[in-house]
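Coordinate analysis (summary)
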Amino acid sequence: AQSVAQPEDQVNVAEGNPLTVKCTYSVSGNPYLFWYVQYPNRGLQFLLKYITGDNLVKGSYGFEAEFNKSQTSFHLKKPSALVSDSALYFCAVRDQGTGRRALTFGSGTRLQVQP
Amino acid sequence: GAGVSQTPSNKVTEKGKYVELRCDPISGHTALYWYRQSLGQGPEFLIYFQGTGAADDSGLPNDRFFAVRPEGSVSTLKIQRTERGDSAVYLCASSPKGGLEETQYFGPGTRLLVL
């Protein structure tokens, strides 16, 4: 079975500082990994994904994520946080080995960027 | 082009009633997914359509839940004999062809409250 863990319910960071939102995963085969952001009363917005190739993936709004196979992690990062980045962030995984299209999501991490 | 749209945005019903939730995917997308997001949790997979057929309905919680996509475009999620535990945000997503590597694009969701 595939699973995702987001160990932090909330991350607080000052505007202008770097941010990291952690994600670890478990799959039987190779993973496809995704990050989504959710603003209040809005659906999920796609940020970036790892399919294959370069372990550092760059996405929307200056976000990037690093795939680490040995640590089974896919942490989301941004060099300089903005107040407008405050939102709920979800990591999701799909297992190439099973062929299932369903995404399995983590429980989410609330990012709070203070001015 | 337009994104995924869902109607209604909010639905309040009484325990035991029947509800229908509608999803209109991105034009041309053959793959459509339904997820359910309970308060404080990540989305959980319900069902995946490829064209008109349900390719994976393993996430439907019980036989009170049913979904259709008769013409391969719009989909309707139907819930019979609603229970208070069905209260959640129901999210719909679509992707171009249902490939494993594809991004799923989400709609804004329907917030269902069962009284």
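Residues numbered from 1 in each chain as written. Chains lettered and ligands numbered in written order. Predicted model: local features only at pLDDT ≥ 70, side-chain atom pairs only at ≥ 80, totals over all residues. Heavy atoms only, no water.

1. Let's talk about the state of the cysteines
What counts, and what does not: Counting rule for disulfides: a pair of cysteine sulfur atoms within 2.5 Å. Each helix is a run of DSSP H or I of at least 4 residues and each strand a run of E of at least 2, with the numbering of both proceeding from the N terminus. Between buried and exposed lies partly exposed: a residue is buried under 20% and exposed over 50% of the maximum accessible area for its type, with that area taken using a 1.4 Å probe on protein chains only.
Counted according to the given criterion, the structure contains 2 disulfides over all chains. Between the sulfur atoms of Cys23(A) and its disulfide mate Cys91(A) the distance is 2.0 Å. Across the S-S bond of Cys23(A) and Cys91(A) the torsion is about -60°, and the bridge reads as left-handed. Placement of Cys23(A) in the loop between β3 (19-21) and β4 (24-26) and of Cys91(A) in strand β10 (residues 87-95) is noted, with a sequence separation of 68 residues between them. Cys91(A) carries the same exposure label as Cys23(A), and that label is buried. One disulfide bridge connects Cys23(B) with Cys92(B), the sulfur atoms lying 1.8 Å from each other. With the S-S bond torsion at -65°, the cross-link from Cys23(B) to Cys92(B) turns out left-handed. Of this pair, Cys23(B) sits in strand β3 (residues 19-24) while Cys92(B) sits in strand β9 (residues 88-95), and the two are 69 residues apart along the sequence.

2. Considering the interface of chain A and chain B
Just so we agree on the cut-off: By the convention used here, residues are in contact when the closest approach between their heavy atoms is within 4.5 Å. Defined here as a combined quantity, buried area equals the accessible surface (1.4 Å probe) lost by two parts on assembly, summed across both. Each salt bridge in this description consists of a side-chain nitrogen of Lys or Arg and a carboxyl oxygen of Asp or Glu lying within 4 Å of one another. In this count, Pro and Cys sit with the nonpolar residues alongside Ala, Val, Leu, Ile, Met, Phe, Trp and Tyr, while Asp, Glu, Lys and Arg are called charged and the others, Gly among them, polar.
Contacts between chain A and chain B engage 22 residues on the former and 23 residues on the latter. Roughly 1,800 Å² is buried in total at the junction of chain A and chain B, and carbon and sulfur atoms are behind 53% of that figure. It is Leu44(A), Arg94(A) and Arg101(A) in chain A that bury the most area against chain B; as a group they hold 30% of the surface buried on that side. Viewed at the interface, chain B and chain A are joined by 1 salt bridge. With a closest N to O distance of 3.1 Å, Arg100(A) and Asp56(B) form a salt bridge. For the side of chain A that touches chain B, the secondary structure elements donating two or more residues are β5 (31-38), β6 (44-50) and β10 of chain A. Per element, the largest residue contribution to the side of chain A that touches chain B is 4 residues, and it comes from β5(A). Split by residue class, the side of chain A that touches chain B holds 10 nonpolar, 7 polar and 5 charged.

3. Describing a nonpolar patch on the surface
Where we set the bar: Each patch groups residues whose relative accessible area exceeds 30% and which form no salt bridge, using 9 Å between like charges and 5 Å between nonpolar side chains of Val, Leu, Ile, Met, Phe, Trp and Tyr. Calculation of accessible area relied on Shrake-Rupley with a 1.4 Å probe; when residues are assessed, cover is drawn exclusively from the protein chains displayed.
Among the surface-exposed residues, Val12(B), Leu113(B) and Leu115(B) lie close enough to one another that they form a single nonpolar patch of about 270 Å² accessible area. Mapped onto the elements, Leu115(B) comes out in the segment after β11 (110-114).

4. Some points on the environment of Gly108(A)
Residue and element names in this part refer to chain A. Looking at where Gly108 falls in the secondary structure, it is placed in the loop between β11 (104-105) and β12 (109-114). Since its relative accessible area comes to 5%, Gly108 is described here as buried. It is 9.2 Å that separates the C-alpha atoms of Gly108 and Val37, two residues lying 71 residues apart in sequence. Leaving out residues up to four positions away in the same chain, Gly108 has contacts with Gln6, Glu8, Asp9, Leu88, Tyr89 and Phe90.

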